[in-house]
Amino acid sequence: MTRRIGIIGGSGLYEIDGLEDKEWRQVGTPWGAPSDALLFGRLGEAELVFLPRHGRGHRLSPSGINYRANIDALKRSGVTDIISVSACGSFREELAPGDFVVVDQFIDRTFAREKSFFGNGMVAHVSMAHPVCGRLGDMLETAARAEGITVHRGGTYLVMEGPQFSSLAESNLYRQWGCDVIGMTNMPEAKLAREAEICYATVAMVTDYDCWHPDHEHVEVESVIRVLVGNAVKARGLVARAAPELARHDGACPRGCNHVLDTALITAPDARDPEMLKKLDAVAGRVLGG
Ligand SMILES: CSC[C@H]1O[C@H](OP(=O)(O)O)[C@H](O)[C@@H]1O
Ligand SMILES: Nc1ncnc2[nH]cnc12
């Protein structure tokens, strides 16, 4: 299996530098339109596809993003691995603005988004026990260290619906829950990537201390953007280092991300809805024969 790397760029990362043979292409999906055209290109040996999560110009709010279209578009573009680059608030003193966190767990508190490709007519249940790909996480951590970025391995990312930031009571509650960082976008993205059998890992770039820290102002867009400008430069360096390394690893994911649907489908073949199966051509074609 030749690996092709998808980068989903979050707030502050709307384009990616240094790509050769680059071309923006519209990719249609049965789930509607993705956030923007996809930018195809190469970084040395590595084939990359970049998608700005909020669209160029940051047109889309976290609740308004068509996550299913984004993941489907990446899947039908041949993407095997997704690196999610996301801004986040920090719940811990030691996770300071400018630091990167390679998160390994999520708590999904979103409620106004489509969260699955499956449903009535074709039901599937995938495991989210380990929601990110450990191998991809290893590579991102190594690349970040090599780039001289202060990186923390592991952490729980609380995904809130937004678009408003948290109240102080919420911020304190999430800290009591043991959460490390907060953002608004990585769910259902990670769930959908899992369903689409794509390896997924997040680099969360700390921009602020949300609103719990007595010595820091509560988070505002203006301060987030200020930190993001520096973070985006570091994120580009990280991608440039991690992508060629990842591309060297041919073959299926050793953690099994590329085969999760082998054990997830439950609807009997004669009870499956043909219309539903058509929509699943890219995401589940491997097991449904799309
Ligand atoms: C601009 S602050 C809030 C905004 O930033 C994060 O976006 P992303 O995850 O795409 O980097 C956060 O989730 C909010 O959407
Ligand atoms: N404090 C915060 N809460 C939610 N999303 C964020 N993105 C960046 N900082 C954030």
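Remember, predicted model here, so these are calculated numbers, not experimental data. (Residues numbered from 1 in each chain as written. Chains lettered and ligands numbered in written order. Predicted model: local features only at pLDDT ≥ 70, side-chain atom pairs only at ≥ 80, totals over all residues. Heavy atoms only, no water.)

1. A short note on the overall build of the chain
So, step 1. Looking only at helices and strands, one finds seven helices and 11 strands in the chain.
So, step 2. Taken over C-alpha atoms, the radius of gyration comes to 18 Å for the chain, in line with the 19 Å a tight globule of 290 residues would show.
So, step 3. Projecting the C-alpha coordinates of the chain onto the three principal axes gives extents of approximately 60 × 45 × 35 Å.
So, step 4. For the chain, buried positions account for 55% of its 290 residues.
So, step 5. Each charge sign in the chain was given a centre, from 31 positive and 38 negative side chains, and these centres are 3 Å apart. (Helix = DSSP H or I, 4+ residues; strand = E, 2+ residues; numbered from the N terminus. Rg over C-alpha atoms; globule rule 2.2 N^0.38 Å. Buried < 20%, exposed > 50% of the residue type's maximum accessible area, 1.4 Å probe, protein only. Lys, Arg positive; Asp, Glu negative; His and termini not counted. Charge placed at Lys NZ, Arg CZ, Asp CG, Glu CD.)

2. Some remarks on the side chain of Ser-86
So, step 1. Examined against the element boundaries, Ser-86 turns out to sit in strand E5 (residues 81-90).
So, step 2. In terms of polar contacts, Ser-86 uses its side chain to reach the side chain of Arg-53, at 3.1 Å.
So, step 3. Side-chain polar atoms of Ser-86 contact the side chain of Ser-84, separated by 3.1 Å.
So, step 4. Other than its neighbours up to four places away in sequence, Ser-86 contacts Arg-53, Thr-185, Asn-186, Thr-202, Val-203, Ala-204 and Met-205. (Polar contact = N/O pair within 3.5 Å; in protein donor to acceptor, adjacent residues only side chain to side chain. Contact = heavy atoms within 4.5 Å.)

3. Quick notes on the site of ligand 1
So, step 1. Close contacts around ligand 1 come from Gly-10, Ser-11, Arg-53, His-54, Pro-62, Ser-86, Ala-87, Phe-165, Gly-183, Met-184, Thr-185 and Val-224, and that covers them all.
So, step 2. Here an oxygen atom of ligand 1 and a side-chain polar atom of His-54 are 2.6 Å apart.
So, step 3. The backbone of Met-184 places a nitrogen or oxygen atom 2.7 Å from an oxygen atom of ligand 1.
So, step 4. Within the complex, the protein chains bury 91% of what would otherwise be the 380 Å² of accessible surface of ligand 1.
So, step 5. Of the residues that constitute the shell around ligand 1, the class distribution is five nonpolar, six polar and one charged. (Near = heavy atom within 4 Å. Areas by Shrake-Rupley, 256 points an atom, 1.4 Å probe, with all protein chains shown as cover. Nonpolar A, V, L, I, M, F, W, Y, C, P; charged D, E, K, R; others polar.)

4. What about the pattern of salt bridges?
So, step 1. Per the stated rule, a full pass over the model turns up 26 salt bridges.
So, step 2. With a shortest N-O distance of 3.4 Å, Arg-25 and Glu-23 are connected by a salt bridge.
So, step 3. Take Arg-25: its relative accessible area is 37%, and that puts it in the partly exposed class.
So, step 4. Salt-bridge contacts for Asp-281 lead to Arg-76; the nearest nitrogen and oxygen are separated by 2.8 Å. Taken together, the positions of Asp-281 in the loop between helix H6 (274-279) and helix H7 (285-288) and Arg-76 in helix H1 (residues 67-76) put the pair 205 residues apart, joining distant regions of the chain.
So, step 5. One network of salt bridges, with partners in common, ties together Asp-138, Glu-141, Arg-145, Arg-153 and Arg-255. (Salt bridge = Lys/Arg side-chain N within 4 Å of Asp/Glu carboxyl O.)

5. As for the site of ligand 2
So, step 1. Close to ligand 2 lie Ala-87, Cys-88, Gly-89, Met-160, Phe-165, Ile-182, Gly-183, Met-184, Thr-207, Asp-208, Asp-210 and Val-219, which account for all nearby residues.
So, step 2. Within the side chain of Asp-208, an N or O atom sits 2.6 Å from a nitrogen atom of ligand 2.
So, step 3. Notes on ligand 2: free accessible area 260 Å², of which the protein chains cover 94%.
So, step 4. When residues of the shell around ligand 2 are traced back to their parent elements, those giving at least two are E5, strand E10 (181-183) and strand E11 (199-208).
So, step 5. Take the shell around ligand 2: its biggest share by element is three residues, from E5.
So, step 6. When its residues are assigned to classes, the shell around ligand 2 shows seven nonpolar, three polar and two charged.

6. Comments concerning helix H4 (residues 186-195)
So, step 1. Among the 10 residues that make up H4, nine are buried, leaving the element largely enclosed by the rest of the structure.
So, step 2. Of all the residues in H4, the buried ones are Asn-186, Met-187, Pro-188, Glu-189, Ala-190, Leu-192, Ala-193, Arg-194 and Glu-195.
So, step 3. Of the surrounding secondary structure, the elements contacted by the buried residues of H4 are strand E1 (5-9), H1, E5, strand E7 (105-108), strand E9 (156-159) and E11.
So, step 4. Directly after H4, the chain includes Glu-197, whose backbone phi takes a positive value near 60°.

7. Overview of the UniProt feature "binding site: substrate" (unreviewed entry) in the chain
So, step 1. Under the local residue numbering, the UniProt record ascribes the feature "binding site: substrate" (unreviewed entry) to Met-184, Asp-208, Tyr-209 and Asp-210.
So, step 2. With relative accessibility at 13%, the residue Met-184 sits in the buried group.
So, step 3. In this fold, Tyr-209 is placed in the loop between E11 and helix H5 (221-247).
So, step 4. The class of Tyr-209 is buried, set by a relative accessible area of 6%.
So, step 5. Every residue in contact with Tyr-209, bar those within four places of it in the chain, is listed here: Ser-90, Arg-92, Glu-93, Leu-95, Ala-96, Pro-97 and His-216.
So, step 6. A polar contact of 2.6 Å, which involves the side chain of Tyr-209, links it to the backbone oxygen of Glu-93. (UniProt positions renumbered as here; feature names shortened; annotations may be inferred.)

8. Some remarks on the nonpolar core
So, step 1. Formed by 46 residues in total, the largest nonpolar core has its most connected members in Ile-71, Ile-82, Phe-106, Phe-117 and Leu-280.
So, step 2. For this core, the elements supplying multiple residues, two or more each, are strand E3 (38-43), strand E4 (46-52), H1, E5, E9, H4 and E11.
So, step 3. The element contributing the most residues to this core is H1, with five residues.
So, step 4. Excluding its chain neighbours within four sequence positions, the residues that come into contact with Phe-117 are Trp-31, Arg-68, Ile-71, Asp-72, Leu-192, Glu-195, Ala-196, Met-276, Leu-280 and Val-283.
So, step 5. Counting 40 residues, the second largest nonpolar core, distinct from the first, contains Ile-5, Ala-46, Val-151 and Val-224. (Core = buried A, V, L, I, M, F, W, Y, C linked by side-chain atoms within 4.5 Å.)

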